[in-house]
Amino acid sequence: MVKIIKQKSVEKNIKKHAEDNIMDIAELFFTAHKIGMVIGNFGWIYTPKVLLFHPIIILSWKLNKNRCLVTQLEYYFFGRTFMGDGPKFHIPRHQRYLLYTNFLVGSCYYLLN
């Protein structure tokens, strides 16, 4: 009887640790996504190499009906996104325009210098 109780307790602890680790991985993924958004938009100020990713990101949005692939992966793996619970994949217009503007300004800056 004691052995069964200990086994259930051990199984419960393993399950709890697994859930905690998944939450940690999700938070790490969400943080990396947020940092990537900032670097993706404003990284061109420090290096022109960031501008190479802008057309790829913009094309992925256009081909995916203004939805973010990374956010879709977050929802697939973790059941939520960095924007909250539920399938929130749509990229707001002001965020898209921010990237378009940064791409144009950055490209002009490096082409004219």
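Keep in mind that this is a model prediction, so the values were computed, not measured.

Caption draft 1: Summary view of the overall build of the protein. When you go through the protein residue by residue, the secondary structure sums to 4 helices and 2 strands. When the helices and strands of the protein are placed in sequence order, the string is α-α-α-β-β-α. The burial tally for the protein puts 26% of its 113 residues in the buried class. When contacts within the protein are restricted to residue pairs at least 6 apart in sequence, long-range pairs at least 24 apart make up 62% of them. Accessible area of the protein: about 8700 Å², with a carbon and sulfur share of 69%.

Caption draft 2: Structural view of the packing of helix α2 (residues 53–63) against helix α4 (residues 93–112). In the contact formed by α2 and α4, the axes pass within 10 Å of each other and the chain directions differ by 150°. When the axis of α2 is compared with that of α4, the two are roughly antiparallel. Crossing handedness for the pair α2 and α4: left-handed. Side by side, α2 and α4 meet where H54, P55, I57, I58, W61 and K62 of the first sit next to Q95, R96, L99, Y100, N102 and F103 of the second. Taken together, the residues that form the contact of α2 with α4 break down as 7 nonpolar, 3 polar and 2 charged.

Caption draft 3: Layout of the layout of surface pockets. Volume-wise, the largest pocket comes out at about 550 Å³. As for the largest pocket, its lining consists of 23 residues, and the residues nearest its centre are H33, M37, I57, W61 and C68. Secondary-structure elements contributing two or more residues to the lining of the largest pocket are α1 (2–42), α2, α3 (69–78) and α4. Sort the elements by how many residues they give to the lining of the largest pocket and α1 lands first, with 7 residues. Tallied by class, the residues present in the lining of the largest pocket amount to 15 nonpolar, 8 polar and no charged.

Caption draft 4: Seen up close, the pattern of salt bridges. Throughout the structure, instances matching the rule amount to 1 salt bridge. For the salt bridge of R80 with E27, the shortest nitrogen-to-oxygen distance reads 3.0 Å. With R80 in strand β1 (residues 80–81) and E27 in helix α1, this pair connects stretches of sequence that are 53 residues apart. Look at R80 and you get buried, because its relative accessible area is 17%.

Caption draft 5: Spatial organisation of the nonpolar core. With 6 residues, the main nonpolar core is built from I58, W61, C68, I91, L99 and Y100. Filtering out sequence-adjacent residues up to four positions away, C68 remains in contact with H33, F89 and I91.

What counts as what
Residue numbers run consecutively from 1 along every chain, following the written order of its sequence. Given that the model is predicted, a residue must reach a pLDDT of at least 70 before its local features are reported, and side-chain atom pairs must reach 80 or more before they are shown or counted; all residues, however, enter totals for whole chains, interfaces and linings. Each side-chain value is worked out from all heavy atoms of the structure, with water and hydrogens disregarded. Helix and strand labels come from DSSP, where a helix needs a run of H or I of at least four residues and a strand needs a run of E of at least two; each type is numbered from the N terminus. Exposure categories follow from relative accessible area, calculated using a 1.4 Å probe and restricted to protein chains: below 20% of the type maximum is buried, above 50% is exposed, and the middle band is partly exposed. Any two residues whose heavy atoms approach within 4.5 Å at even a single point are treated as in contact. Surface exposure here means Shrake-Rupley accessible area, sampled with a 1.4 Å probe, where a residue is shielded only by the protein chains that are shown. Axis geometry follows a simple rule: fit a line to the C-alpha atoms, using only the stretch in contact for helices, then measure angles between N-to-C directions, giving values from 0 to 180 degrees. Working definition: roughly parallel below 35 degrees, roughly antiparallel above 145 degrees, roughly perpendicular at 65 to 115 degrees, and oblique for all remaining angles. The crossing is said to be left-handed when, going from far helix to near helix, the turn is anticlockwise and less than a right angle, and right-handed when the turn is clockwise. Three classes are used: nonpolar for Ala, Val, Leu, Ile, Met, Phe, Trp, Tyr, Cys and Pro, charged for Asp, Glu, Lys and Arg, and polar for all others, with Gly counted as polar. Method remark: on a 1 Å grid restricted to protein atoms, a set of points is classed as a cavity if a 1.4 Å probe fits but cannot get out and as a pocket if it is open with protein on both sides within 12 Å along at least five of seven lines; lining residues have an atom within 4 Å of a point. Grid points are joined across faces, edges and corners, and a volume is the space filled by probe spheres set on the points. Basic side-chain nitrogens of Lys or Arg form a salt bridge, by our definition, when they fall within 4 Å of a carboxyl oxygen of Asp or Glu. To qualify as a nonpolar core, a set must consist of buried Ala, Val, Leu, Ile, Met, Phe, Trp, Tyr and Cys residues joined through side-chain atoms within 4.5 Å.

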